[in-house]
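Descriptive analysis of the structure
The primary structure of each chain is shown beneath.
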Amino acid sequence: MKITFCCTDTKAEPWLQGLSAALPGADISVWQPSAPQADYAVVWAPPQQFMDEQPGLKALFNIGAGVDALLKLRLPLNTLVVRLDDAGMAVQMAEYVCHAVIRHFREFDGYETDMAGGRWGYRKPRMRTDFPIGVMGLGVLGERVAKALAQFDFPINGWSRSPKAIEGVRGFAGAEQFNDFLAASRVLVNLLPLTPDTANVINKDTLARLQPGAYVINVARGAHLVDEDLIAAIENGHVAGATLDVFRTEPLPAGHAFWNHPRITITPHTSARTLRDESIAQIARKMAALQRGEAVAGVVNPGRGY
Ligand code: NDP
Ligand code: OXD
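My aim in this report is to walk through the structure given alongside it, one point at a time. (Residues numbered from 1 in each chain as written. Chains lettered and ligands numbered in written order. Predicted model: local features only at pLDDT ≥ 70, side-chain atom pairs only at ≥ 80, totals over all residues. Heavy atoms only, no water.)

**Remarks on the sheet that holds strand β8 (residues 169–173)**
In plain terms, the rule: One bridge is not enough; two strands pair if DSSP finds at least two bridges between them. Starting at the N terminus, helices and strands are each numbered in turn, a helix being any DSSP run of H or I of at least four residues and a strand any DSSP run of E of at least two. Lines fitted to C-alpha atoms define the axes, with helix axes restricted to the stretch in contact, and inter-axis angles between N-to-C directions lie between 0 and 180 degrees. Contacts: residue pairs with any heavy atoms within 4.5 Å of one another.
Strand order in the open sheet formed by seven strands is β8-β7-β6-β9-β10-β11-β12, and the pairing between neighbours is parallel. Looking at the sheet topology across the chains shown, the edges are occupied by β8 and β12 (264–266). In this sheet, adjacent strand axes meet at a mean angle of 15 degrees when their direction is disregarded. Here four bridges tie strand β6 (residues 133–136) to strand β7 (residues 156–160), and the two strands are oriented parallel to one another. Across the sheet, glycine 134 pairs through a bridge with asparagine 157, a residue of β7. Against the sheet, helix α5 (residues 140–150) engages β6, β7, β8 and β9 (187–190), with an angle of about 165 degrees to β6.

And the structure:
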């Protein structure tokens with residue numbers, strides 16, 4: 001089996017070594033223009049030229065969970081697109097979101113400021129029933145996050161395209177239940193894939209439908225959020241603040257209003273990193289399964305966009 005590796009901004013050598021160790025006998029190399037046709041590809045942000053020159057790939061393995069950038073390319077017609085499903089990302093996402101929620105709920109930023117200023121003072125305990133959390137997207141990552149948050153006894157709402165039954169999570173599904181989901185939520189966590197249906201989903205209207213004192217945690221894609229609508233909702237007092245890990249343009253441009261905003265915490269797209277060893281193991285397992293003619297998880301439906 002011939003495997004080509006085409007991952008922008010990724011050190012190739014450790015991936016090639018790991019894949020070779022996991023798939024003895026496979027012929028694995030870094031893609032170069034005019035390289036011979038491969039059976040499988042491991043990609044991250046490949047150029048269109050790569051796609052055009054590899055029309056016979058059986059499957060394309062994306063070394064991330066989100067495929068929005070990949071689906072913007074013209075892909076070979078009969079190639080399966082396979083994304084990472086979990087591969088160590090779900091637990092990282094759960095850590096990140098639980099940290100953001102608890103930091104806000106327990107007012108740790110306020111305590112930090114107090115301590116730095118030499119002030120010893122308590123804040124009134126808040127009721128977790130006053131902080132219902134809405135998780136948008138109940139897939140591999142969203143389900144894990146919703147279950148982790150439920151462990152802290154917050155009321156949890158979840159929104160997905162198809163109905164879900166997750167213990168401890170009140171489920172809402174489809175466009176028709178979206179407004180009810182928002183009205184039931186004060187903290188909004190975004191774990192949707194970026195598709196034509198979900199772009200700009202966090203906007204003036206949706207923010208206004210959240211409960212007063214809302215808090216936004218965006219860990220999916222920057223293009224889900226209308227930046228200026230968030231700033232305006234914070235300024236008018238309806239939204240208390242936000243934690244943002246993803247941005248329309250990354251790195252976040254110098255001078256953007258999110259830098260240094262007192263109520264917005266930002267991180268550099270790091271909430272759930274691709275872990276090389278776990279990812280190699282998952283990809284190798286799936287390639288071997290496809291070679292045996294078996295079905296694999298994480299196959300993208302290009303028509304649906306995720
Ligand atoms: P999944 O495909 O497993 O889950 C997607 C979820 O979104 C599903 O529950 C799906 O519903 C729901 N959904 C999709 N479209 C709609 C819609 N129009 N309306 C309502 N619900 C919808 O994805 P993952 O959980 O693996 O990943 C989610 C996203 O997280 C990725 O696409 C990526 O953008 C982002 N991500 C960010 C990272 C970071 O470091 N910041 C790291 C990894 C991922 P249904 O279940 O009914 O299909
Ligand atoms: C991903 C990401 O989609 O890193 O995996 O954002």
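On we go from here.
**Digging into the packing of helix α3 (residues 89–105) against α5**
Quick reminder of the rule: Note on angle classes: values under 35 degrees are labelled roughly parallel, values over 145 roughly antiparallel, values of 65 to 115 roughly perpendicular, and the remainder oblique. Crossing chirality is assigned from the near helix's rotation relative to the far helix, an anticlockwise turn below a right angle marking it left-handed and a clockwise turn marking it right-handed. Throughout this entry, Asp, Glu, Lys and Arg are counted as charged residues, while Ala, Val, Leu, Ile, Met, Phe, Trp, Tyr, Cys and Pro are counted as nonpolar. The remaining residues, Gly among them, count as polar.
The contact between α3 and α5 brings their axes to 8 Å, and the two run at 45 degrees. Of the possible angle classes, the one that applies to α3 and α5 is oblique. For the pair α3 and α5, the sense of crossing is right-handed. Here α3 contributes Met89, Ala90, Val91, Met93, Ala94, Val97, Cys98 and Val101 to the contact with α5, which in turn contributes Val140, Leu141, Arg144, Val145, Ala148 and Leu149. Partitioned by chemical class, the residues of the contact of α3 with α5 number 13 nonpolar, no polar and one charged.

**Some thoughts on α5**
We count it as follows: Working definition: with a 1.4 Å probe on protein chains only, accessible area under 20% of the residue-type maximum means buried, over 50% means exposed, and in between means partly exposed. An arc is given here, and it is the one of the directions from the helix axis to the C-beta atoms.
For α5, the complete set of buried residues consists of Leu141, Gly142, Val145, Ala146, Ala148 and Leu149. Taken around the axis of α5, the buried residues stretch over an arc of 165 degrees, which confines them to a single face. Buried-residue contacts for α5 involve α3, β6, β7, β8 and β9.

**Some thoughts on the site of ligand 1**
This is how it is decided: We call a residue near a molecule or strand when any one of its heavy atoms sits within 4 Å of it. Any N or O atom pair separated by 3.5 Å or less is treated as a polar contact, with the protein-specific requirement of one donor-capable and one acceptor-capable atom, and with residues adjacent in sequence counted only for side-chain atom pairs. Domains are outlined according to an automatic or database domain assignment.
Close contacts around ligand 1 come from 30 residues, with Arg83, Leu141, Ser162, Lys164 and Tyr306 the closest. A distance of 2.9 Å separates an oxygen atom of ligand 1 from a polar atom in the backbone of leucine 141. One nitrogen or oxygen atom from the side chain of serine 271 is found 3.0 Å from a nitrogen atom belonging to ligand 1. For the shell around ligand 1, the element with the most residues is α5, which contributes three residues. Taken together, the residues of the shell around ligand 1 sort by class into 15 nonpolar, nine polar and six charged. For the shell around ligand 1, the two domains that each supply at least three residues are domain 1 (2–87 + 274–291) and domain 2 (89–266).

**Focus on the sheet that holds strand β3 (residues 40–44)**
Spatially, β2-β1-β3-β4-β5 is the arrangement adopted by the five strands of the open sheet, whose pairing is parallel. On the outer flanks of this sheet lie β2 (27–30) and β5 (80–82), each paired with one strand and no other. With strand direction ignored, the average angle separating the axes of adjacent strands in the sheet is 20 degrees. Two elements, strand β4 (residues 59–62) and β5, share three bridges in a ladder whose sense is parallel.

In short, the description is geometric, and any link to function would need to be established separately.
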